[in-house]
Each structure stands twice: as C-alpha cells, then as structure tokens.
Amino acid sequence: MLHSFFLSLFLLLGPFSTTLIAESITTTINVWPKPTNLTWTPPYQTTVLSPTFTITTTTTTHQNNHLSAAISRYTNLVKTEHHRPLTHPTTNNNNNNLPPLQSLTVTVTNPTAELTHATDESYTLTISTPNATLTASTPWGAMRGMETFSQLTYGNPTRVPVEVHVTDAPLFAHRGLTLDTSRNYYPVKDLLRTIEAMSMNKLNVFHWHITDSHSFPLVVPSEPMLAEKGAYDVNMVYTVEDVKRVVEFGLDRGVRVLPEIDSPGHTGSWALAYPDIVTCANMFWWPAESDWPNRLAAEPGTGHLNPLNPKTYQVLKNVIRDVTTMFPEQFYHSGADEVIPGCWKTDPTIQKFLSNGGTLNQVLETFINNTLPYIVSLNRTVVYWEDVLLDDTVHVSPSVLPKEHVILQTWNNGHDNTKRIVSSGYRAIVSSSDFYYLDCGHGDFTGNNSAYNNQTGSDANNGGSWCGPFKTWQTIYNYDITYGLTEEEAKLVLGGEVALWSEQADETVLDSRVWPRTSAMAESLWSGNRDENGMKRYAEATDRLNEWRSRMVSRGIGAEPIQPLWCIRNPGMCNTVHPI
C-alpha cells in the first residue's frame, strides 16, 4: 500500500525519516519544488549508492549534447555531494540486506525535442533496488527528474530511499527570473551561477534585461559603437562569445535565455553612440519646479528613441537582427515600458507633430508599426511590458498588437492588471511589483534628501522604496497569479517571473537578493502553494525551504537564511500558532 507524502517537519529529522506521531509513522522526504505526486512504499527504507553507480540512457544514439551534459553533471553530483541535513535523519534500519543502488536508467522518447515555451517537462521516476528508472518525453523533462533524484540523496556514504515513485509536471510553462544588467554590471560567472541555481529550482526562463538608459553592455556586431560608447567600461561588456556561453550553459540546464532590448524608452545609453536618434538624453530627469507628470524619466537617467526619425529604425533593426541571431530563444522582449511624455516633448520633430494634431499615442504606434512586423518576420513572438496597452497616458490600440504575435508582461496593480490583459485576450507573464519585485524595500537610490529627515520612522513600512515593503519569501510563495480569473482567462497566464532590478544590486548581493525567495515562486509555479486538501502550505513549506536553502548553500549558492537554526532544531517553537 502506497503512503501519501507528508512533507511537514522534515527538517527536524532530515530529508528521509520516520517519526512517531500519535503512535503512527509519518514519513518525510524533502524535494523542492514539491513534486506533483510522490509516494514511498512502506517500510520506508533507504539503501546506499553503489561506488560504481551510473546514470545511463537507453537511447545511446540520441545525439543530444545537452542531455549528455546533464547526465554527466548529475552523475558527478549524486556521487560527490554527500549532503548533510540540518538534523540527523532517521530511517527504517531494517534494510541491511538491501543491495546498493547500481544505476539510474533514463529513457527519453523524444530526444530531439527543442527547448521552447511549449516543451513537455514532465517525468516519471521510480527508485527500486538495485536499479532506478526515469522516463520523460523530452531531455528537459529528464533534467527535471534527475534534479529530483539528486535531492533524494544524502549522507556519506550516499544513501537514497527505495520504493519511491514520482510523477511530476509543472503547473505553469513559464517560470522565470528577470535580471537587469544595465544599471549595474554582472560578470558572466555570476550569470552562470544564477542559471545553475534556477535549474536546481526547476525554473526555465532567464529573462536577461541587458540594456537600459544607464549602460549598453551588449556587443552588437553590426552596431559596435553602442557598446564601445555605452558600456561602463571596456571590461563591462557581454561579447558574442559571452552570450553563446550563457545560452549554451542555460540549454545544458533546461533554462531558456530570453533577451530584452528595451525600447523606445529606457534608451539613454544609445545616445552616446547615436545622439541624433535619442530624445532628452543626458538631461536632468525631474526638472526643478516641475510636477511629477512633467518629469523626463521614471528615474535617473533620461533618453527615449525617436520614433519619427527614420535613422532610429536603421540602427534598431540592426540590433534586433543581431540579437535574434545570438539568442535562439523564440521570444523577443522589446520592452515598451515607461514612455514618459516629457522626454518626447523635448524633441522639435515630435513637437511639430503634436502641434499639427498628432498625439503621443500615435508616436508610439509609429514605433510599434515599424518594429513589431520586423521582429515577427524573424520568427519571434514579441513580449512587451503591459504599458504598451495599459498605460494611462501613452499606449496603443489592441488593433496594433496582434494577439497571436504578442505577449504582455504585467508589473503594476497586482491582480487587476493581469485581469485586464487576459480579459482582452492576450497571453500574460506575471511579474507583479506588489509580489515579485526582489529589489523593493531597500530605499531610494537618488541619495539622501529632506524626505528622509523624519524622526518618526514613518518610512518603516516601505523602506523608502516606491514598491516597498520588502517582498518576503512568504509574500512570494502565497501569491496566486490567476486569482480572480475565469477558467478560460487563467489559461492565458503563461506563468510568472520574479525580477531583480539593479539600481542597488550587483554581483556582491546577487545570491542573497534572489535566493531563496525565488525558490518560493519556483514551487508555487511548479506544483502550487496548496496541499492535497486545497489549503495553503504554511509550516510545512517553511520546514522544507529551510532544508532546501541549506542544500543550495552547500552547492555554492549564497542564499540567505529564513530562520535561526534553533527553530529547526526545536520543532514547533517558532510557529505563530502553538503546534497541537
């Protein structure tokens, strides 16, 4: 008889344990994100990994280099990790006669499947001794299964539970992280470590916000002046070889790299190479004595591409063509957020257009009409930030944004804007700043000023940040991205992304800003944030995340702690409600 998994209190006993509760045995196994279905057959035994343990595939001629790389990586990991749980695990000791686990055999029915948004990531894992089996439709599903298997191993010598059966698949196809590398630069090694951690958490989209007003670090072969002039330093660039390395590293781990070249706003850095195509570049972002609606940018610094200048499209189309060549990803993120009227209004050409009865909406529409068809012609689906449709001041008509070619990423007004997008028939990626912005709560980056000269501590709730307070892992974990949607509307939600904007972040704080908070989103998008009875997971999720954070740290990820170790070793004492 199969035993349903109870994942609560695993930290107290380690990832594989039996503990007496009310004179009955409760078994616990730790995997993050929690699988869709995982069972362990009594008497809940473990065995050791054979010194000659191997991971092999039944398709020896699969010729998928990414699958081969994953098999090699996980073979080494499970044989050498020797994870030490935070508390000593206890298991059924009547297993001395069990033979060691000799192998994990991987069967992939469609080994040539490419990694796209629609890729099947499901898998089935069965661990029996002396052999375990993993079956998946695609290499990417096999990678998810091997990650689960790796998390089931622990100790020295390495042990693994036997008579375990897992059937698993994600709730949402799009599970990502946005990282801004323009405001502050991140070395390639830090991008790779982040992608490695994403794969551990079964995330599959690295949304690379490469350029912005602050710097242009991407070396574009047909427009080399953009990085030569727009990067912070000659050593703070991403070359074609760097991009290839990041993309291939991601594919080896089942992570797509989605490039974003934000435009027409957020393009002040372009002016260093092409000042004639950028309006209001290098101007103070909020002129003295002007009201907020009359600012020139959402934040320092300024600069918008000029949609009425034909040269804009000569440069931009070169960039788009090269970026789609460097990145095989089928989504292309074109930004289109935070178009600030004041910036465009500084340009004489746009001033003349407006004085002749034109509107700023028409200026934006001109930009979309000159770029969207070109991107689509390169066999890409275009992702825009929600502003292009929903901004109160500057937006375009839905008729300009064909639903079959456009996806909208939402970041404002929580559930309301998600509802507005999907009720209009568009596919949505959810990145609500109310829940998923990792930079919030760290104050404002515009320096010290009189607004902070307040002795009452009134900024305590928002940390001086426009999107404060700090988004805790609990806030992220409990967010339901389809809340308030009909069943049909919910089908248009592709998934979600947390976002780290880098005004106050660089490689020195990257890991702790991202992890384990992003792990919280990873589970809620993979298998949900509710138990089999439809109740939100609370203490149970806390316990598992503590153990998972510890394993991530042992794997080289600088994830911040969520509780004192004392809480883990004193079960129930840190709960809000006294345990029964």
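Residues numbered from 1 in each chain as written. Predicted model: local features only at pLDDT ≥ 70, side-chain atom pairs only at ≥ 80, totals over all residues. Heavy atoms only, no water.

Within the chain, the secondary structure is distributed over 18 helices and 20 strands. A compact globule built from 580 residues would reach a C-alpha radius of gyration of about 25 Å, and the chain, at 25 Å, matches this within 12%. In terms of overall dimensions, the chain has a C-alpha envelope of 85 × 65 × 45 Å along the principal axes. Of all 580 residues assigned to the chain, the portion counted as buried reaches 56%. (Helix = DSSP H or I, 4+ residues; strand = E, 2+ residues; numbered from the N terminus. Rg over C-alpha atoms; globule rule 2.2 N^0.38 Å. Buried < 20%, exposed > 50% of the residue type's maximum accessible area, 1.4 Å probe, protein only.)

Orientation of helix α2 (residues 65–80) relative to helix α3 (residues 139–152), taken along the N-to-C sense of each, is 5°, at an axis distance of 10 Å. With respect to α3, the element α2 is oriented roughly parallel. Across the interface between the two elements, His-66, Leu-67, Ala-70, Ile-71, Tyr-74, Leu-77 and Val-78 from α2 touch Pro-139, Trp-140, Ala-142, Met-143, Met-146, Glu-147, Phe-149 and Ser-150 from α3. (Axes fitted to C-alpha atoms, helices over the stretch in contact; angles between N-to-C directions. Parallel < 35°, antiparallel > 145°, perpendicular 65-115°, else oblique. Contact = heavy atoms within 4.5 Å.)

Counted under the stated rule, the structure contains 24 salt bridges. Residue Arg-193 is joined to Asp-190 by a salt bridge in which the shortest nitrogen-to-oxygen separation is 3.0 Å. Here the residue Arg-193 and the residue Asp-190 both occupy positions in helix α4 (residues 188–200), the gap between them amounting to three residues, near one helical turn. You can call Asp-190 buried: its relative accessible area is 3%. In this structure, Glu-523 and Arg-544 form a salt bridge, with 2.6 Å as the shortest nitrogen-oxygen distance. With Glu-523 in helix α16 (residues 517–526) and Arg-544 in helix α17 (residues 539–554), the pair connects residues that are 21 residues apart, well separated along the chain. Look at Glu-523 and you get buried, because its relative accessible area is 0%. Note on Arg-544: relative accessible area 0%, which makes it buried. Each member of the salt-bridge network shares a partner with another, and the members are Asp-180, Arg-183, Asp-212, Glu-299 and Glu-503. (Salt bridge = Lys/Arg side-chain N within 4 Å of Asp/Glu carboxyl O.)

The next subject is the environment of Thr-87. As for its position among the elements, Thr-87 is in the loop between α2 and β6 (101–108). Residues Thr-87 and Glu-338, 251 residues apart in the sequence, show an inter-C-alpha distance of 49 Å.

Moving on, we come to helix α7 (residues 310–326). Counted at 1.5 Å a residue, the expected span for α7 with its 17 residues is 24 Å, and the 25 Å between its end C-alpha atoms agrees. When α7 is considered as a whole, its buried residues turn out to be Thr-312, Tyr-313, Val-315, Leu-316, Asn-318, Val-319, Ile-320, Asp-322, Val-323, Thr-324 and Met-326. Next to the buried residues of α7 lie α5 (225–230), α6 (240–252), β13 (256–263), β15 (304–305), β16 (331–335) and α10 (360–377). Two or three places before Lys-311, at the start of α7, stands the capping residue Asn-309, its side-chain oxygen 3.0 Å from that residue's backbone nitrogen. (Expected span 1.5 Å × (residues − 1). Polar contact = N/O pair within 3.5 Å; in protein donor to acceptor, adjacent residues only side chain to side chain.)

So far we have only geometry, and geometry alone does not tell us how the molecule works.
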